[in-house]
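Letter by letter, the chains look like this.
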Amino acid sequence: MKVYLAGHRGMVGGAILRQLQARRAAGEDLTLLTRTSADLDLTNQAMVQDFFQAEKPDQVILAAAKVGGIIANNSYPAQFIYENLMIECNVIHQAYAAGVKKLLQLGSSCIYPKAAAQPMAENALLTGTLEPTNEPYAVAKIAGIKLCESYNRQYGVDYRSVMPTNLYGPGDNFHPENSHVLPALIRRFHEAAQAGLQEVTIWGSGKPMREFLHVDDMAAASLFVMDLDAGTYSRETAPMLSHINVGSGVDVSILELAQMVARVTGFTGQILTDPSKPDGTLRKLMDVTRLDRLGWRASIPLEVGIRTTYDWFLEQGLDNLRAK
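The present account deals with the structure reproduced in this document. Computed from a predicted model, the values in this text were never measured in an experiment.

Within the largest apolar cluster, 31 residues are counted, with the highest numbers of intra-cluster contacts made by Ile-16, Leu-20, Ile-61, Leu-106, Met-218 and Val-246. Elements that contribute at least two residues to this core include exactly strand S1 (2-6), helix H1 (11-25), strand S4 (102-106), helix H7 (215-227), strand S9 (244-246) and helix H10 (289-294). At seven residues, the largest contribution of residues to this core is made by H7. Leaving out residues up to four positions away in the same chain, Leu-106 has contacts with Val-12, Ile-16, Ile-61, Leu-62, Ala-63, Lys-141, Val-162, Met-218 and Ser-222. Tyr-168, Phe-174, Ala-262 and Val-264 belong to the second-largest nonpolar core, a separate cluster that totals 24 residues.

Laid out in structure tokens, this is it:
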């Protein structure tokens, strides 16, 4: 079995690569194909075509994407929609052209409407207005789902999509401005603990609820969905509603999250909230009923995952992380 993993240097792709390497070490007959962006520009149609025609993989896992937080999405909307659309179009089409029968592409929970009922089920897709701050990225990820479904319908291939909740773990982005909430809190509380500060103020009221999934759980879920036989997968999906949510099924308030991070980083001061700052959506929780019925559940408790992520953060050192 020859498997091409696109995006193996990213947080999710790296976790999937580690699990595929473990399978190979355990005796599975796997050939793993990876390319850096310097070697293969996935936005370049000709390069992607040449790669697929030369390598002819049996399966493809598409974990490559341009990702970022609110500031990045607001600052570079054209890049977010263009690069993600090009990556998806090139990889999915050239996989089909090279005879790839099975593909898995990874999306995002931002595909769902801003006002979607909670928890967000798969059938909420395309039922309302998207969150404006990341609409270009969300539109691109929705297009990826529909590309897979359309190729399935017209060409009889088996291309699947999984939509993760908020992910965290080793390989995350801890940039002080461009990171997501959990790595941002880890960095802030670490620096506060090291400086001996007596208080840390978090944005908003601290009341919004968010769901988090460790990247190793996401990798395991991705391979679980990829491995499902076609009959089992089709029983839980529909031709034009084929994606599967991946999450922990549990959410916590931002204040509770900050308290966990404080415990892990050793910060013993006071945690203050700033209600003058925006809260954002009050709740974002994925409905994971479909995945649960298929037989998979997350296994890494949030505080345990935060601790292992903090250990990785310490191993990297701030000097290395500042450049990322």
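Having seen it, we continue.
Examined against the element boundaries, Ala-22 turns out to sit in helix H1. On the basis of relative accessible area, Ala-22 is assigned to the partly exposed category, the value being 45%. Here the alpha-carbon distance between Ala-22 and Leu-255, two residues 233 residues apart in the chain, equals 37 Å.

A word on the packing of helix H6 (residues 181-195) against helix H11 (residues 302-316). Contact pair H6 / H11: the axes reach a minimum separation of 11 Å and the direction vectors enclose 65 degrees. As H6 runs across H11, the sense of the crossing is right-handed. On H11, the residues touching Leu-182, Ile-186, Arg-187 and His-190 of H6 are Ile-306, Thr-309, Tyr-310, Phe-313 and Leu-314. When its residues are assigned to classes, the contact of H6 with H11 shows six nonpolar, two polar and one charged.

Another point: H7. Given 3.6 residues per helical turn, the α-helix brings residues three or four places apart onto the same face. In this model H7 runs 18 Å from its N-terminal to its C-terminal C-alpha over 13 residues, within 8% of the 18 Å that 1.5 Å per residue would give. Those residues of H7 that fall on the buried side of the exposure criterion are Val-215, Asp-217, Met-218, Ala-219, Ala-221, Ser-222, Leu-223, Val-225 and Met-226.

Of all seven residues in strand S5 (residues 158-164), seven are buried, a share of seventy percent or more. Both faces of S5 are covered, namely the face carrying Asp-158, Arg-160, Val-162 and Pro-164 and the face carrying Tyr-159, Ser-161 and Met-163. Across five bridges, S4 lies against S5 in parallel orientation. Bridge pairing in S5 places Lys-102 opposite Asp-158. Chirality of the crossover, the property in question, places the unit of S4, helix H5 (residues 135-155) and S5 among those that are right-handed. For S5 and S9, the ladder comprises three bridges, and the chain directions are parallel.

So, how was this worked out
- Residues numbered from 1 in each chain as written.
- Predicted model: local features only at pLDDT ≥ 70, side-chain atom pairs only at ≥ 80, totals over all residues.
- Heavy atoms only, no water.
- Core = buried A, V, L, I, M, F, W, Y, C linked by side-chain atoms within 4.5 Å.
- Buried < 20%, exposed > 50% of the residue type's maximum accessible area, 1.4 Å probe, protein only.
- Helix = DSSP H or I, 4+ residues; strand = E, 2+ residues; numbered from the N terminus.
- Contact = heavy atoms within 4.5 Å.
- Axes fitted to C-alpha atoms, helices over the stretch in contact; angles between N-to-C directions.
- Left-handed = near helix turned anticlockwise from the far one by under 90°.
- Nonpolar A, V, L, I, M, F, W, Y, C, P; charged D, E, K, R; others polar.
- Expected span 1.5 Å × (residues − 1).
- Pairing = 2+ DSSP bridges.
- Right-handed = clockwise from strand over helix to strand, strands pointing away.

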